[in-house]
Amino acid sequence: MQSTFGIGFLGAGPVTQSIHLPTLARLGDAFAIRHITDVDPAVAEAVAGRVGAAHSTSTEALLDDPAVDVVAICSPNSFHAEQLIAACRAGKKAVLCEKPLAMSAAQADAITAVSAETGVPIMVGAMHTFDPGWRAAVAHWGDLPASSHTIRLSVVLPPNARFEDVATEVLSRSPFPAPDWSDVEVLAAMIHGGVMGLAIHDLPLIRRLLPRYDDLQVIDAKFLAPFGYRILFVAGGKSIELHAMVSQTWQPDWVLEAFSDDQVLHVEFTPSYVHAGSAVSTLTTSDSARVFGPATVNGYEAEWRELAAILRGELAPPSTRDLVDDVRFALTVADAAAEALRKAEVAA
């Protein structure tokens with residue numbers, strides 16, 4: 001049985017450089033990086049040179065490389081579905097796609113179809129879903145998904161660049177243009193992008209706590225400058241608040257909470273790009289407080305270890321239907337928040 005699997009990266013930006021490469025450096029018994037593709041040839045060559053891999057500027061070159069068993073998709077969000085489908089049809093052993101899996105319902109449908117057609121295992125690199133601190137809480141939370149009535153997610157972070165500049169040796173980043181705050185469509189796009197780029201980390205976790213979301217209704221949605229949002233919605237009989245602020249704060253804070261009448265779940269996640277330890281989850285009742293974490297393994301390492309177990313036949317792959325339902329939920333929240341913001345701006 002094959003014990004070491006070759007990885008090919010589609011996209012060699014900050015996520016590849018500062019998250020996946022350091023993680024895989026600790027997992028040499030399971031994975032070897034064989035190919036790096038990036039639209040910027042200098043970045044592809046430089047990043048590949050760090051790990052002794054081949055490099056190219058085209059998806060086709062990577063998919064045609066027989067040394068690549070697993071395709072890791074770390075390209076911009078709009079390319080994820082197209083590249084995932086191509087990787088499945090290329091006969092690779094598995095695909096790990098950074099979140100989000102897709103950016104439209106049509107893309108989600110196409111992924112469902114190719115999964116059924118090829119049987120290639122698909123994983124989504126939403127690190128919080130693999131975090132040992134979170135998973136320990138899930139294993140012990142009893143009837144919280146049924147009994148909870150309020151869910152809150154609050155994320156306060158400095159810009160990604162603060163982490164990337166420290167963690168990345170080779171970086172290609174275009175400057176972010178200043179948005180036109182007077183254009184309602186710009187604001188709607190920003191809040192939609194915030195959901196699909198930041199809240200997407202935790203929306204699969206929130207979906208675990210919801211019996212349904214076909215009745216989802218956004219009560220209020222605001223974009224917060226310089227980058228952030230506050231979204232209040234109801235779904236499945238529960239109240240959910242999403243709050244995020246990315247500014248020059250020195251103290252990162254990433255907290256997910258769920259409340260029922262007799263139990264509270266409080267999960268503190270480490271910021272993105274941080275490799276030291278897992279989340280810490282606390283389940284509190286009137287007579288006890290159980291704390292889970294921090295584990296030494298974080299969500300980044302846990303997702304790759306799980307993929308290795310799948311490739312070796314030790315673990316069943318995740319349900320593609322569940323992964324597609326996660327992205328459909330995220331798209332529903334993003335679309336509804338953008339529309340609520342448009343209506344509020346027009347009425348103001």
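Scroll up to find the structure.
So, how was this worked out
For every chain, the first residue of its written sequence is number 1, and the numbers climb from 1 along that sequence. In keeping with the predicted nature of the model, local features appear solely for residues at pLDDT of at least 70, side-chain atom pairs appear and are counted solely at 80 or more, and the whole-chain, interface and lining totals rest on all residues. Excluded from the side-chain calculations are hydrogens and water; all other atoms, namely the structure's heavy atoms, are used. Salt bridge, as used here: a side-chain nitrogen of Lys or Arg that lies within 4 Å of a carboxyl oxygen of Asp or Glu. Only DSSP runs of H or I covering at least 4 residues are called helices, and only runs of E covering at least 2 are called strands; the numbering of each starts at the N terminus. Accessibility here uses a 1.4 Å probe with only protein chains present; expressed as a share of the type maximum, an area under 20% marks a residue as buried, one over 50% as exposed, and anything in between as partly exposed. Any N or O atom pair separated by 3.5 Å or less is treated as a polar contact, with the protein-specific requirement of one donor-capable and one acceptor-capable atom, and with residues adjacent in sequence counted only for side-chain atom pairs. By definition in these notes, contact holds between two residues if any of their heavy atoms fall within 4.5 Å. Should DSSP find at least two bridges between two strands, the strands are taken to pair. For a crossover, the right-handed case is the one in which the path from the first strand over the helix to the second runs clockwise, viewed with the strands pointing away from the viewer.

Attention shifts here to the pattern of salt bridges. According to the stated counting rule, one finds 15 salt bridges in the structure shown. A salt bridge links Lys 93 to Asp 69; the nearest nitrogen and oxygen atoms lie 3.4 Å apart. One end of the pair, Lys 93, is in the loop between helix H4 (80–89) and strand S5 (94–97); the other, Asp 69, is in the loop between helix H3 (59–63) and strand S4 (70–73), with 24 residues separating them in the sequence. We classify Asp 69 as buried; its relative accessible area is 10%. Between Arg 342 and Glu 185 there is a salt bridge, with its nearest N and O atoms 3.0 Å apart. Note that Arg 342 is positioned in helix H13 (residues 320–347) and Glu 185 in helix H10 (residues 184–197), a separation of 157 residues in sequence.

With that settled, the discussion passes to the side chain of Thr 129. Mapped onto the secondary structure, Thr 129 falls in helix H6 (residues 127–130). Separated by 2.7 Å, the side chain of Thr 129 and the backbone oxygen of Ala 126 make a polar contact. The residues contacting Thr 129, other than those within four sequence positions of it, are Trp 134, Arg 135, Pro 204 and Leu 205.

Within strand S2 (residues 31–37), six of the seven residues are buried, which leaves the element mostly enclosed by the surrounding structure. Note: strand S1 (residues 5–10) against S2, six bridges, orientation parallel. Paired with Phe 5 across the two strands is Phe 31, which belongs to S2. Taken together, S1, helix H1 (residues 14–25) and S2 form a β-α-β motif whose crossover is right-handed. By the bridge criterion, three bridges tie S2 to strand S3 (residues 54–56) in an arrangement that is parallel. If you follow His 35 over to S3, its bridge partner there is Ala 54. The β-α-β motif built from S2, the intervening helix H2 (residues 41–51) and the parallel element S3 has right-handed crossover chirality.

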